[in-house]
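Residues per chain, in single letters:
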Number of protein chains: 2
Amino acid sequence: MSQNQSVNRRIVLASRPKGAPVAANFRLEEQPLPSLAAGQLLLRTVYLSLDPYMRGRMSDAPSYAAPVAIDQVMTGGAVSRVVASNDKNFKAGDWVVASSGWQDYAAIDATLVRKLEGAALKHPSLALGVLGMPGFTAYMGLLDIGQPQAGETVVVAAATGPVGSLVGQIAKLQGCKVVGIAGGAEKCRYAVEHFGFDHCVDHRDPALAQRLQEACPQGIDVYFENVGGAVFDAVLPLLNTKARVPVCGLVSQYNAEGLPQGQDRLMLLTSTILRKRLRVQGFIIFDDYGHRYGEFAKQMGEWFSADKIKFREHRIQGLENAPQSLIELLEGKNFGKVVVQIGEEND
Amino acid sequence: MSQNQSVNRRIVLASRPKGAPVAANFRLEEQPLPSLAAGQLLLRTVYLSLDPYMRGRMSDAPSYAAPVAIDQVMTGGAVSRVVASNDKNFKAGDWVVASSGWQDYAAIDATLVRKLEGAALKHPSLALGVLGMPGFTAYMGLLDIGQPQAGETVVVAAATGPVGSLVGQIAKLQGCKVVGIAGGAEKCRYAVEHFGFDHCVDHRDPALAQRLQEACPQGIDVYFENVGGAVFDAVLPLLNTKARVPVCGLVSQYNAEGLPQGQDRLMLLTSTILRKRLRVQGFIIFDDYGHRYGEFAKQMGEWFSADKIKFREHRIQGLENAPQSLIELLEGKNFGKVVVQIGEEND
């Protein structure tokens, strides 16, 4: 896995997917190492994060961020080591996290790079999960928008994923009852046994709505929305008056081609928001909460060091396997936070 | 119009409407005057408020409040004079506002009654409009949920109605650009000339979406939702990132029987909430903000006394005309705040 020090392997977007991405949408290519401008760092990627939002970047439909251009490197957060530095605050060997993309090496402005610190220095890949963007997303979405109160019922799907597992654990730390939703009996069992959820319901169960209702006899006070679709349909009737719904993602919809036919339930949602006095609020973590990253890092670092937070990593080896891993992630085939190891920690 | 002092005329719900209410859903009947229990007041109704929410009370579909039972008096806010008092804080002749229903007389606990004060004593019917529930709804929904900032664009429908006209005027007082939506050229002209809206778009115009876009070249930052349906469809694509949507009513939907067929846009709404990071929040004014009524009354009283707030009242004479007036209100045939005069101010 040792990276060739004169060649930069990278994965570019070859074509835009129609529906679910396929291997042909990606292309692995080799380029010379990027040259370094003033104020830039040369980074060697060690761990690449794969996340559902990447599906959105592959499309040119309206989104909250610009799409990846055809033939350009796939966007993505990564943990890297500094190889060379044109900035006085960084030196070779530093561990950093940056949105440096699906590639062996990246030249990037030092202002766009954050040094790893605290617990992340011992477990660098966690800076892509519990100690990074997914953790920050769970923390702010749940606490700032969800405003969970002790004794309330919090529901989150993708319960063994990096965001959902954190939402559940943070809600438990607030004294809430936590019900997860996950795909399959094994994940459900893991959510309860490893992450401490009170219950976990299998979204593949045809009786999902009924199972969820049984698991939430007091209704739902906070639904952390990261999947949409059938799960949302099961949640909506169970929401209590004044429930809060932070919306951080809709992974079940990312491969959808167009809207389903049937009754148009747009006004059903709006009338439910009115009748139940719901607060439904979307957020994009760094755009909305970037200024509060320090608060998250401090609190999560404390919880993590006190062993109050568990995590599960799903590690893949090799840049060339990133496309297939993203395809599977979008199908819910991951089990834990997906990290692609691209380089050695020490090289 | 002088009320008979031994007979209580009242309008009860005779049957539940299917779709739009019709005259046969109501029945005018006569009863003896109610007797007075300890702590109660006997009220003589002078002005009865008609409001869109009353349609919801006529149905037994799930709602935020219990439905009116068949053969029971129609619910409604009214301004009344005290005829007799079993409470030391009230005396005969006092002007009060209470949810005393569609009837000449009501016996009601003094704890559920509020005395008129300030400007409302000079214009008692305004305690049902600008100085009462509709004004309070506009004030809190716009300022607390909408959070309008100077220079932002605020859009509201039913622009000449009691809530919409206030939303627009309060938004102007905050330095916003205000675009109204109303039914017909006359109402649109009135919204601009009388209420000071910057623009007003006719929702009957087949090119509503385009007209609204032209009126909002900077997009929409706050959409105060009180109608739903086609207006919401026109608004949704124009909402800016981080727009706020207080949801106070959906009058276009109240007579709907079931949902329309077609594409199911439920996830379109949720994905727009995510992508644009919207905040969509329903509220029921007294449930959510009852504790802040004093703040509203003080500020609105000041604005009103300083002639910064205009209003328009659509006055109907006679309890027997209330049913037809509510039917027409739900069709948008009112022009201003609908008040039914049931008794003389001095009798």
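Residues numbered from 1 in each chain as written. Chains lettered and ligands numbered in written order. Predicted model: local features only at pLDDT ≥ 70, side-chain atom pairs only at ≥ 80, totals over all residues. Heavy atoms only, no water.

### A look at the side chain of Asp94 of chain B
Residue and element names in this part refer to chain B.
Right, on to step 1. Relative to the elements of secondary structure, Asp94 occurs in the loop between β4 (78-85) and β5 (95-98).
Right, on to step 2. The class for Asp94 is buried, based on a relative accessible area of 10%.
Right, on to step 3. Within the local environment of Asp94, its side chain forms a polar contact with the backbone nitrogen of Lys91, the two atoms lying 2.9 Å apart.
Right, on to step 4. Discounting chain neighbours no more than four positions away, the residues touching Asp94 are Ser80, Arg81, Val82, Asn89 and Lys115. (Helix = DSSP H or I, 4+ residues; strand = E, 2+ residues; numbered from the N terminus. Buried < 20%, exposed > 50% of the residue type's maximum accessible area, 1.4 Å probe, protein only. Polar contact = N/O pair within 3.5 Å; in protein donor to acceptor, adjacent residues only side chain to side chain. Contact = heavy atoms within 4.5 Å.)

### Focus: the interface of chain A and chain B
Right, on to step 1. Counting residues at the interface gives 41 residues for chain A and 41 residues for chain B.
Right, on to step 2. Interface of chain A and chain B: buried area, both sides summed, is about 3800 Å²; carbon and sulfur atoms make up 65% of it.
Right, on to step 3. Connecting chain A to chain B are 8 salt bridges.
Right, on to step 4. Counting across the chain A and chain B interface gives 12 residue pairs in polar contact (both at pLDDT 80 or more).
Right, on to step 5. Of all the secondary structure elements, the ones that give two or more residues to the side of chain A that touches chain B are α7 (229-235), β12 (239-247), β13 (261-263), α8 (266-275), β14 (279-282) and α9 (285-289) of chain A.
Right, on to step 6. Ranked by the residues each element gives to the side of chain A that touches chain B, the list is headed by α8 of chain A, at 9 residues.
Right, on to step 7. The residue makeup of the side of chain A that touches chain B, split by class, is 20 nonpolar, 12 polar and 9 charged.
Right, on to step 8. Two elements, β13 of chain A and strand β13 (residues 261-263) of chain B, share 3 bridges in a ladder whose sense is antiparallel. Across the sheet, Gln263 of chain A pairs through a bridge with Gln261 of chain B, a residue of β13 of chain B. (Buried area = accessible area lost by both parts, 1.4 Å probe. Salt bridge = Lys/Arg side-chain N within 4 Å of Asp/Glu carboxyl O. Nonpolar A, V, L, I, M, F, W, Y, C, P; charged D, E, K, R; others polar. Pairing = 2+ DSSP bridges.)

### Brief notes about the domain arrangement of chain A
Residues and elements named next belong to chain A.
Right, on to step 1. Looking at chain A, the domain boundaries give domain 1 (7-129 + 311-341) and domain 2 (133-287).
Right, on to step 2. Just the C-alpha atoms count here: the centres of domain 1 and domain 2 sit 28 Å apart.
Right, on to step 3. With 21 residues of domain 1 at the contact, the number on the domain 2 side is 16 residues.
Right, on to step 4. Taken together, the links from domain 1 to domain 2 amount to 5 residue pairs in polar contact (both at pLDDT 80 or more).
Right, on to step 5. In the side of domain 1 that touches domain 2, the residues fall into 10 nonpolar, 5 polar and 6 charged. (Domains from an automatic or database assignment.)

### Topic: unusual backbone geometry
All names here are of chain B.
Right, on to step 1. Positive phi, normally seen in glycine, also occurs at Ala158, with a value near 50°.
Right, on to step 2. Summarising the element assignment, Ala158 is placed in the loop between β8 (153-157) and α4 (162-173).
Right, on to step 3. You can call Ala158 partly exposed: its relative accessible area is 34%.
Right, on to step 4. Of note in the backbone geometry, Lys242 takes a positive phi value of approximately 70° without being a glycine.
Right, on to step 5. Mapped onto the fold, Lys242 is located in strand β12 (residues 239-247).
Right, on to step 6. Classification of Lys242 by relative accessible area gives partly exposed; the value is 39%.

### Quick look at the pairing of strand β8 (residues 153-156) of chain A
Residues and elements named next belong to chain A.
Right, on to step 1. Going residue by residue along β8, you find Thr153 and Val155 tucked away on one face and Val154 and Val156 tucked away on the opposite face as well.
Right, on to step 2. Inspection of the sheet shows β8 paired to strand β9 (residues 177-182) by 4 bridges, in the parallel sense. Residue pairing in the sheet places Val156 in a bridge with Gly180 of β9.
Right, on to step 3. On the question of chirality, the crossover connecting β8 to the parallel β9 by way of helix α4 (residues 162-173) is right-handed. (Right-handed = clockwise from strand over helix to strand, strands pointing away.)

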